[in-house]
Structures are given as structure tokens and as C-alpha cells.
Amino acid sequence: MIIGLVVLAVGIAAGYYLRKILAESKIGSAEEEAERTIDEAKKEGEAKKKELLLEAKDEIHRNRQEFEKDLRERRRELDRLERRVLQKEELVEKKSENIEKKELSLFEKEKDIDKTQQDLQLILTQQLKELERLSGLSSEEAKELLLHNVEQQIRQETAVMIRTLEAEAKEECDKRAKNIVSLAIQRCAADVVSETTVSVVALPNDEMKGRIIGREGRNIRTFETLTGVDLIIDDTPEAVILSAFDPVRRETARLALEHLVSDGRIHPARIEEMVDKAKKEVDQELREVGEQAAFEVGVHGLHPELIKLLGRLKYRTSYGQNVLKHSIEVAHLAGVMAAELDVDVALAKRAGLLHDIGKAVDHEVAGPHVEIGIDLAKKYRESKEVIHGIEAHHGDIEPQTIEAVLVQAADAISASRPGARRETLENYIKRLEKLENLADSFAGVDKSFAIQAGREIRIIVKPDEIDDLESITLVKDIARKVEQELDYPGQIKVMVIRETRSVEFAK
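What you see is a predicted model; the values in this text were computed from it and never measured. (Residues numbered from 1 in each chain as written. Predicted model: local features only at pLDDT ≥ 70, side-chain atom pairs only at ≥ 80, totals over all residues. Heavy atoms only, no water.)

K.L.:
Help me get a handle on the overall build of the protein chain, residues and values and all.
P.N.:
A count of helical and extended segments in the protein chain gives 15 helices and 8 strands. For a compact globule of 507 residues, the expected C-alpha radius of gyration is about 23 Å, and the protein chain comes in at 45 Å, more than 25% above that figure. For the protein chain, the spread of C-alpha atoms along the principal axes amounts to about 190 × 90 × 50 Å. Split into buried and exposed, the 507 residues of the protein chain put 30% on the buried side. For the protein chain, the share of sequence-separated contacts (at least 6 apart) that also reach a separation of at least 24 residues comes to 60%. For the protein chain, the distance from the average position of its 81 positive side-chain charges to the average position of its 101 negative side-chain charges is 4 Å. (Helix = DSSP H or I, 4+ residues; strand = E, 2+ residues; numbered from the N terminus. Rg over C-alpha atoms; globule rule 2.2 N^0.38 Å. Buried < 20%, exposed > 50% of the residue type's maximum accessible area, 1.4 Å probe, protein only. Contact = heavy atoms within 4.5 Å. Lys, Arg positive; Asp, Glu negative; His and termini not counted. Charge placed at Lys NZ, Arg CZ, Asp CG, Glu CD.)

Take a look at the structure:
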């Protein structure tokens, strides 16, 4: 028992020392592993530090190069501006010299005139004395005799003039009476015009009007410039009015304004983006309307561009009559009559639907709408029979086919039915189109927009062709040509707008 206890104690002691030795060896190996890991981390840190330093130096070098490049460009721009200022200073100096020379010349001429007047006065005095000597009358007696003779002559001439003036007054009264009556008739048509040239856009609140106007009016100016539509903001609660004679342009402006109001972000760049988006939406709508019209009539196989032009007729009126509805009506009438006469119904409908297609672009292309329609039909490869129906529908040439005669008759029926057309609105639209075409005829004009019911025209010029001084001359030339070639009541405000944009991207 004692021996067993001794052996057990010796075993326990031996096991303790053995575990101690094993633990010390593990701790030593762990310390070596930790030291090795620390050394590797230090080496990796040094390498990463060197890489970051190299990248930072490269970035500094690139920034320095970009800065130097920008600095060189700014210096070149400053040099160019300095040369331009020097040129203008030289021009001003030359003008000043010319003015001084002209002032000296005028001063000399004034001296000569004064001297000539003195000589004339002396000659008149001498002649008066000579006349008194020859006539034997004093100046007062001669004056009385002359006045008596002149009085008798004036009385005779006055009697003749009174009779002449009375006759002219009667003629002028008749002419003015006719003008007054015609102006009164035109003014009575104002309600009809306003219904077809304005659109009302609802606003969520009146605070939106201030945002639409923008700081110093920059938003409303940008909107009107991009769309060519007059934006009227008055006391009407929660509503603004869009005014333009071109319905396509007005519809584009209406969609763009509704998008801006719903979005809430209104600034020039956003306005430009929304106007472009609205133009795409209107183009899509024109295509869908044209397809619907062709489907309704039963005409198939039209060129996509003709489909789009048909859609534009929805926003075109002729004497107050919607041209698209008129074209559909003519197609139906021609088709019915063709069926009764047992001739080609499809041809009659096709020619009837396309007979006024030229009116879709007649404000952009010069010439009668018949000739424009013929050119469009030829361009998009319509048949000779359809082209003949288009060119004969106004009787410009003699119809050679029964279908052409039917299109002519259907056009007359649709246009002459009671309440179909109004003469005043058509003349009004043509006057606005003529005003825009007149402005577009000048060199350097990019776009022109007739607004305010034809009382104002805004002209956008190309800034690289027209400078500020030339724009002053241009607006006077346009105003003078408007006065010479157009008849209009009141006055027309001509405004030339020149805008230069510089765009750069920050990277």
C-alpha cells in the first residue's frame, strides 16, 4: 500500500513536469509564429505605403497637367478677347476722327451759308429800292396792291378747293365706312379665334405660377423661346393660358408644361428636356391618329411618313374646318359615290383621304397645297391615279378619271355644307404663317414664332452668323419689310433674340 502510494506520487510528479515541458515548447513556437507574422505585416505595410505614394504622385502629376492645360486655354481666350477689344478701340478711334472731320466740314459750311445769306439780304435790299424807283410806288403801296390781287385769287381758288374737298370727303367717307364695317366684322370673330388658338393648363396651386415665371422671368422666357408659344399668366386661379396659332406647337407646349408641373422641377435645362420629351410624345400621337384615320376609311399600305402627315392634319384647319375630319369625310363620300357608279372604291377613298395632304406642311414648304401634295405623293410612291386625283380636286386641271371627278365633287360637298367653314379664321392663320415666312426669308434667321395673335413676332437668329450689332440692323429690316408687304390692324412688335451657349462636362 505504501509502495503503491509512493509510485502514484512519483507518477503524478513525472506527469506534471512532462506537461510543463510540452506547454513551454508550444508557447515558444507560438511566439516565433507571431514574430514572423508581425514581420510579414510590416513588410506588406511598407509595400502598400510605397504604392499609395506612387499613386498620389501620379494623381498630382495628372492634376497639374490638367490645370496647366486649362490655364493655357484661359490665357489664349484672354489674348483673343484682348485683341478683339483693341480692334474695337481702333474702330472707335477711327469713327471719332471721322466725326471730328465732319464737324469741321459742317462748321465751314455754316460759315459759307451765313455769308451767302448776308449777300442775299444785300441783293434783296438793292432790288427792292430799284423796284420802288421803277414802279413809282412805295413798298407799303405795293404790298397793299399785291395783297388785294392775292385775296381775289385766293377766293376763287378756295371756292374750287371747297368743291373738290367735298367730293373727296364723300369718297373718303364711303371708304372709311367700309373699313369700319369690315374691322367690326373681324372683331366679332375674336371669340372663334380664341377658342382655336388657346389652351388652358390647370395648376395644383397659385404658387406654381411663380415657379413657372422663375427668377427674373428666365423660366417663362426659356419656355416661350423653345416652344414658340405665348404663355399668359394672369389672375385666373390655378390656371395658365397657352396661346399660339399653330395647334401642334401649342399641344407640344401643353404637354411639356403639364410634365413640368407634375415633376415640380422647373428650370431652363429641365424645360428643354421636357419640351423634347413632349415633341416625341406629339410625334407618336400624330402617328397613331394617322393610323386610326386610315383604318377608319379602310385605306391600307400608306407610307409611314404619309401616316404621320395625316396625323398632322388633326391640328390643321381650313376656313375653320378640321382638315383631317374633312379628308375622312371626302374619302367616305367618294367611296359611297364610287360604289354607286361601280368604279374603283379603294382608289376613290385613297385619293379622297390624301387630296389635302399638302396642307400638313404648307406653312413650312412654299407653294400651293395642291402642288405640295403632288410632290409628297410622288415622293412616297403613290399611284398615278391617286396623284391625278390630288392635282385635279380644285379644278386646276381637267379630271381624266371618274375617281378624280368623284374626289372633286366630294371635296365640294364637304366644304360647302352649312357651318363647315369660316373665312375669317383661315385668313387669320394665313396672315400669321406669312408673317413667320417673311421673317424666315432673311439670312441668319434660325426660327421665328408669331405670338400674341399676330401682334408680336420673335425671331431666333444663328449666333455664329449674326452678331449683336447686326441683330439691330436685322430687326429694323424685318420691321420695314413687314410694313411694306403685310396688311394688318394696329402694330406688330418685332423682337430678335440672339443666344450663345457654351457647354463643358466636369469629369
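Following the structure, the description resumes.
K.L.:
Now, about a nonpolar patch on the surface: what can you tell me, with residues and values included?
P.N.:
On the surface, a cluster of nonpolar side chains totalling about 590 Å² of accessible area is made up of Met1, Ile2, Leu5, Val6 and Val10. With respect to the helices and strands, the residue Val6 is situated in helix α1 (residues 2–135). When its relative accessible area of 46% is taken as the criterion, Val6 is described as partly exposed. (Patch = residues over 30% accessible without salt bridge, like charges linked within 9 Å, V, L, I, M, F, W, Y side chains within 5 Å. Areas by Shrake-Rupley, 256 points an atom, 1.4 Å probe, with all protein chains shown as cover. Salt bridge = Lys/Arg side-chain N within 4 Å of Asp/Glu carboxyl O.)

K.L.:
Account for the pattern of salt bridges, naming residues and giving values.
P.N.:
Tallied over the entire structure, the rule returns 19 salt bridges. Of the charged contacts in the structure, one is a salt bridge between Glu251 and Arg254, with a shortest N-O distance of 2.6 Å. Taken together, the residues Glu251 and Arg254, both in helix α6 (residues 247–263) and 3 residues apart, mark about one turn of the helix. Glu251 sits in the buried class, given a relative accessible area of 14%.

K.L.:
Explain unusual backbone geometry to me, using residue names and the numbers behind them.
P.N.:
Positioned with a positive phi, Glu238 is a non-glycine residue whose angle comes to about 55°. Relative accessible area serves as the criterion here: at 41%, Glu238 is assigned to the partly exposed category. If you check the backbone angles, Asp342 has positive phi at about 60° while not being a glycine. For Asp342, the location among the structural elements is in the loop between α9 (323–341) and α10 (345–354). By relative accessible area, which is 70% here, Asp342 ends up exposed.

K.L.:
Could you give me a rundown of the sheet that holds strand β7 (residues 456–461), with the residues and numbers involved?
P.N.:
With mixed pairing, 3 strands are arranged side by side in an open sheet as β6-β7-β8. Only two strands of the sheet have a single neighbouring strand rather than two, namely β6 (445–451) and β8 (493–498). Ignoring strand direction, the axes of neighbouring strands in this sheet form an average angle of 20°. Judged from the 6 bridges that link them, β6 and β7 form a sheet pairing that is antiparallel. What sits directly across from Ile451, in β7, is Glu456. Seen against the sheet, helix α15 (residues 468–485) touches β6, β7 and β8 and runs at an angle of roughly 155° to β8. (Pairing = 2+ DSSP bridges. Axes fitted to C-alpha atoms, helices over the stretch in contact; angles between N-to-C directions.)

K.L.:
Got a sec to walk through the packing of α10 against helix α12 (residues 384–391)? Specific residues and values, please.
P.N.:
The N-to-C vectors of α10 and α12 enclose an angle of 45°; their axes lie 9 Å apart at closest approach. Judged by the angle between their axes, α10 and α12 are oblique. As for the relative orientation of α10 and α12, their crossing is right-handed in sense. Between α10 and α12, the contacting residues are Leu347, Arg350, Ala351 and Leu354 on the first element and Glu385, Val386, Gly389 and Ile390 on the second. (Parallel < 35°, antiparallel > 145°, perpendicular 65-115°, else oblique. Left-handed = near helix turned anticlockwise from the far one by under 90°.)

K.L.:
Could you give an account of the packing of α6 against helix α7 (residues 268–297), naming the residues involved and the relevant values?
P.N.:
Following both chains from N to C, one finds α6 and α7 inclined at 130°, their axes separated by 8 Å at the closest point. The angle between the axes of α6 and α7 places the two elements in the oblique class. Remark: the crossing between α6 and α7 carries right-handed chirality. Judged by residue contacts, Val248, Glu251, Thr252, Leu255, Ala256, His259, Leu260 and Asp263 of α6 engage Arg270, Ile271, Met274, Val275, Lys277, Ala278, Lys279, Glu281, Val282 and Glu285 from α7.

K.L.:
Requested: an account of the side chain of Glu251, with residues and values cited.
P.N.:
Within the local environment of Glu251, its side chain forms a polar contact with the side chain of Arg254, the two groups lying 2.6 Å apart. When residues no more than four places from it in sequence are discounted, the contact partners of Glu251 are Val282, Glu285 and Tyr315. (Polar contact = N/O pair within 3.5 Å; in protein donor to acceptor, adjacent residues only side chain to side chain.)

K.L.:
Summarise a positive patch on the surface; cite the residues concerned and give the values.
P.N.:
A cluster of basic residues, Lys69, Arg72, Arg76 and Lys507, forms a positive patch at the surface. Tracing the chain through its elements places Lys507 in the segment after β8. For Lys507, a relative accessible area of 98% corresponds to the exposed category.

K.L.:
Give a detailed account of the sheet that holds strand β2 (residues 230–232), specifying residues and quantitative values.
P.N.:
The sheet built from 3 strands is open, its strands ordered β1-β3-β2 with antiparallel pairing. Looking at strand neighbours, the two that pair on one side only are β1 (198–202) and β2, the edges of this open sheet. Within the sheet, the average angular offset between the axes of one strand and its neighbour, ignoring direction, is 25°. Bridge count for β1 against strand β3 (residues 239–243) is 5 bridges, and the pairing is antiparallel. Paired with Val198 across the bridge in β3 is Ser243. The strands that α6 touches are β1, β2 and β3; relative to β1, the one it contacts most, it runs at about 10°.

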